[in-house]
Amino acid sequence: MEIFVQQVVSGLATGGIYAALALALVMIYQATDVVNFAQGEMAMFATYLCWTMLNAGVPYWGAFVGTLVLAFLGGVIVERVVIRPVEGAPILSIVIVTLGLLVIFNSVAGWIWSYVQKPFPSPFPSTPVKAGNIFFGSHDIGQIFVTLIVLACIWMFFKFTPLGLAMRAAAHNPVSSRLVGIRVGWMLAMGWGLAAVFGAVAGMMVAPVLTLEPNMMGGVQIYAFAGATLGGFTSPGGAVLGGFIVGVVENLVGTYVSFIGTELKFTVALGMIIVVLLVKPTGLFGTRIVKRV
Amino acid sequence: MSAAPPLLEVRELEAFYGRTKALHGVSFSMATGGITTILGANGAGKTTTLRAISRMVRTAGAILFEGQPLDGRATEQVVQLGIAHAPEGRGTFVHLTVEENLRLGAWGRRERGGVEDDFERVYGYFPALKGRRRQAAGTLSGGEQQMLAVARALMLRPRLLLLDEPSLGLAPMVVREIFRILRTVNKDAGVSILLVEQNAALALDLADHVFLLETGRVVMEGPSEVLRKDDAIRRAYLGY
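This one's a predicted model, so the numbers in the text were calculated from it and none came from an experiment.

(A) Structural detail: the overall build of chain A. A tally of helices and strands in chain A yields 11 helices and two strands. Helices and strands appear in chain A in the N-to-C order α-α-α-α-β-β-α-α-α-α-α-α-α. Taken over C-alpha atoms, the radius of gyration comes to 19 Å for chain A, in line with the 19 Å a tight globule of 293 residues would show. Considering only C-alpha atoms, chain A reaches an extent of 60 × 50 × 35 Å along its principal axes. Within the span of chain A, comprising 293 residues, buried residues form 45% of the whole. The contacts of chain A with a sequence gap of at least 6 include a subset with a gap of at least 24, amounting to 73%.

(B) Examining the interface of chain B and chain A more closely. Across the contact, 17 residues belong to chain B and 14 residues belong to chain A. Sorting the residues of the side of chain B that touches chain A by element identifies α2 (75–80) and α3 (98–105) of chain B as the ones contributing at least two each. Residues belonging to the side of chain B that touches chain A are distributed by class as follows: six nonpolar, eight polar and three charged.

(C) Looking closely at the sheet that holds strand β1 (residues 8–17) of chain B. Residue and element names in this part refer to chain B. Ordered in space as β2-β1-β4-β5, the four strands form an open sheet in which the pairing is antiparallel. Of all strands in the sheet, those bounded by a partner on one side alone are β2 (20–30) and β5 (68–69). Pairing analysis gives seven bridges linking β1 to strand β4 (residues 58–65), with the strands arranged antiparallel. Bridge pairing links Leu8 to Phe65 in β4. Here helix α1 (residues 46–53) sits on the sheet in contact with β1, β2 and β4, set at roughly 75° to β2.

(D) Fine view of helix α5 (residues 138–160) of chain A. Residue and element names in this part refer to chain A. End to end, α5 covers 32 Å across 23 residues, agreeing with the expected 33 Å (1.5 Å per residue, within 8%). Residues His139, Asp140, Gln143, Ile144, Val146, Thr147 and Val150 constitute the buried set of α5. Structurally, α5 contributes buried residues whose contacts are with α1 (2–32), β2 (134–136) and α8 (184–210).

(E) Region of the structure containing the sheet that holds strand β10 (residues 217–223) of chain B. All names here are of chain B. Taken in spatial order, the six strands line up as β6-β7-β8-β3-β9-β10 in an open sheet, and their pairing is mixed. Both outer strands of the open sheet, β6 (83–86) and β10, are each paired with one neighbouring strand and no more. Averaged over all pairs of adjacent strands, the angle between their axes in this sheet comes to 15°, without regard to strand direction. With five bridges connecting them, strand β7 (residues 160–164) and strand β8 (residues 192–196) associate as parallel partners.

(F) Fine view of the nonpolar core. Grouped together as the largest cluster of nonpolar side chains are 157 residues, with contacts concentrated most on A:Leu21, A:Ala22, A:Phe198 and B:Ala151. Considering each element in turn, this core owes the most residues, 17 residues, to α8(A).

(G) Here's a closer look at unusual backbone geometry. In this model, A:Ser114 sits at a positive phi of 70°, which is unusual for a non-glycine residue. Classification of A:Ser114 as exposed rests on a count of 11 C-beta atoms within 10 Å. The residue B:Arg90 is not glycine, and still its phi comes out positive at about 75°. In this structure B:Arg90 comes out as buried when scored by C-beta crowding, with 23 C-beta atoms within 10 Å.

(H) The arrangement of the packing of helix α9 (residues 217–231) of chain A against helix α11 (residues 265–279) of chain A in detail. All names here are of chain A. Where α9 meets α11, the closest approach of the two axes is 9 Å, and the angle between their N-to-C directions is 25°. Taken together, α9 and α11 sit at an angle that is classed as roughly parallel. α11 is crossed by α9, and the crossing has left-handed handedness. Between α9, through Gly219, Ile222, Tyr223, Phe225, Ala226, Thr229 and Leu230, and α11, the contact on the second element is made entirely by Phe266, Ala269, Leu270, Met272, Ile273, Val276 and Leu277. Across the contact of α9 with α11, the residue classes break down as 12 nonpolar, two polar and no charged.

(I) Looking closely at helix α3 (residues 60–83) of chain A. All names here are of chain A. An ideal rise of 1.5 Å per residue puts 34 Å on 24 residues; α3 measures up with 32 Å between its terminal C-alpha atoms. Ala63, Thr67, Leu68, Ala71, Gly74, Gly75, Val78, Glu79 and Ile83 are the residues of α3 that are buried. Buried positions along α3 lie against α1, α2 (39–55), α4 (91–113) and α8.

(J) Spatial organisation of the pairing of β7(B). Residue and element names in this part refer to chain B. In terms of residue burial, β7 counts as a mostly covered element, since five of its five residues are buried. With burial as the criterion, each face of β7 is covered, one bearing Leu160, Leu162 and Asp164 and the other bearing Leu161 and Leu163. Where β6 lies against β7, four bridges are found, and the strand directions are parallel. Of the residues in β7, the one forming a bridge with Ile83 is Leu160. Between β7 and its parallel partner β8, the chain crosses via helix α7 (residues 172–189), and the hand of that crossover is right-handed.

(K) Region of the structure containing the environment of B:Tyr125. All names here are of chain B. Positionally, Tyr125 belongs in helix α4 (residues 115–125). The class of Tyr125 is buried, set by 20 C-beta atoms lying within 10 Å. Residues within four places of Tyr125 in sequence aside, it is in contact with Ala151 and Ile181.

Cut-offs applied
- Residues numbered from 1 in each chain as written.
- Chains lettered and ligands numbered in written order.
- Predicted model: local features only at pLDDT ≥ 70, side-chain atom pairs only at ≥ 80, totals over all residues.
- Helix = DSSP H or I, 4+ residues; strand = E, 2+ residues; numbered from the N terminus.
- Rg over C-alpha atoms; globule rule 2.2 N^0.38 Å.
- Buried ≥ 20, exposed ≤ 12 C-beta atoms within 10 Å, placed from the backbone.
- Contact = placed C-beta atoms within 7 Å.
- Nonpolar A, V, L, I, M, F, W, Y, C, P; charged D, E, K, R; others polar.
- Pairing = 2+ DSSP bridges.
- Axes fitted to C-alpha atoms, helices over the stretch in contact; angles between N-to-C directions.
- Expected span 1.5 Å × (residues − 1).
- Core = buried A, V, L, I, M, F, W, Y, C linked by C-beta atoms within 7 Å.
- Parallel < 35°, antiparallel > 145°, perpendicular 65-115°, else oblique.
- Left-handed = near helix turned anticlockwise from the far one by under 90°.
- Right-handed = clockwise from strand over helix to strand, strands pointing away.

Right, dumping it as structure tokens:
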């Protein structure tokens, strides 16, 4: 029982990472119909920026916030410079562009910081937290809190601020948005910026566990895709829940199904993607998109 | 000394969808405070004329709003000048609530003040919307959605209101109600209205000036009481 609870909590911790990245993927997909394959690599790059600031002596939370700001700007710039020119191009062209971005971010990171693994600090104490008779990793617990706080902030932003409202409007109905005076292009760019912020949070939270290196987010992104697919690519809330579910399932299956262990964990994620696509292609909470011409 | 420019002046307007020309040199102007209607059959270019003013199609020729050219502007900049457009198909944000739809209507306003008062004002015009303010707009009836489209446009405090087929697909009673409110809005708030309408009888009742569009050209124009008596108009558009 203790092991079960521990594994669930640790699954929720990694699930939070997947949830943040899955939300980033879904936000961009909803706003621009683009699946951003470079999302994980942008997150990795942001984490390296954080590492650089920490090495320069910036205190952790200062570097954390600084990274979020840089990630936001980076996301906006990527949309304006790279995605904007191919807007309206066939979907395959855009997919190739985001795959190109993936390779570029990966190799530029390797070129600047090398492929050697770097330890990345956790802002949380290394002593475990005790609840009843069960011990939990402090980083796991802290990570869950950080993810939940970020998700709550973003929910309030979209729900209660005029800018959040305008961004939702621009994503759902660009034509009508222009007719009420919203600058749709900038709203979409800011959507990319916010997505990059979630990615950066995921990267900085996962780096102490995985250690920082340019290929760090590859696996995380597969799980995030599984989470987004499970929850539904058209449902932000669903994608978040899907991310958490994938994290927990991954952990439990790795613990209790002996032949899977750690080696076949990936297969579980990919298996989930395939099963969801076969059984319920819209995901648990997604809706079928009907394109009217 | 020159007189004040007309509210809206369109000169030799051509519009294109891809390589297809939809307007072939439309010219007209409307005065401040009036209600003007554009009549015409399907495909005559009525909707395209409104879309040209809102910069949603590629055009040639001149469009002047209070003497300022609109041609080089983006749609959202035209809105900021005080031109609200309730488009064909209503353009409702179906996922958002009625109140959120209205709030977005005020997005392009120059002066931010008075938005809360304007909520009450448009709810006064359309009491049905007030009861449904927290409901997703997609769940409204067709008539309520049209009311929402007009209400959203009014949240801009527009100087000019472009209305595309507000009667389409609605029950006659609902249509009468909407047209009654349009008259009130025009009189009380001084909003000028450019109305595109299939229902010629209704449009002639509401409008003080009429343009008749045929295959992308203005073929007739005049005060509505004059055109109402015209034999050709009567036969083609009023059906008696």
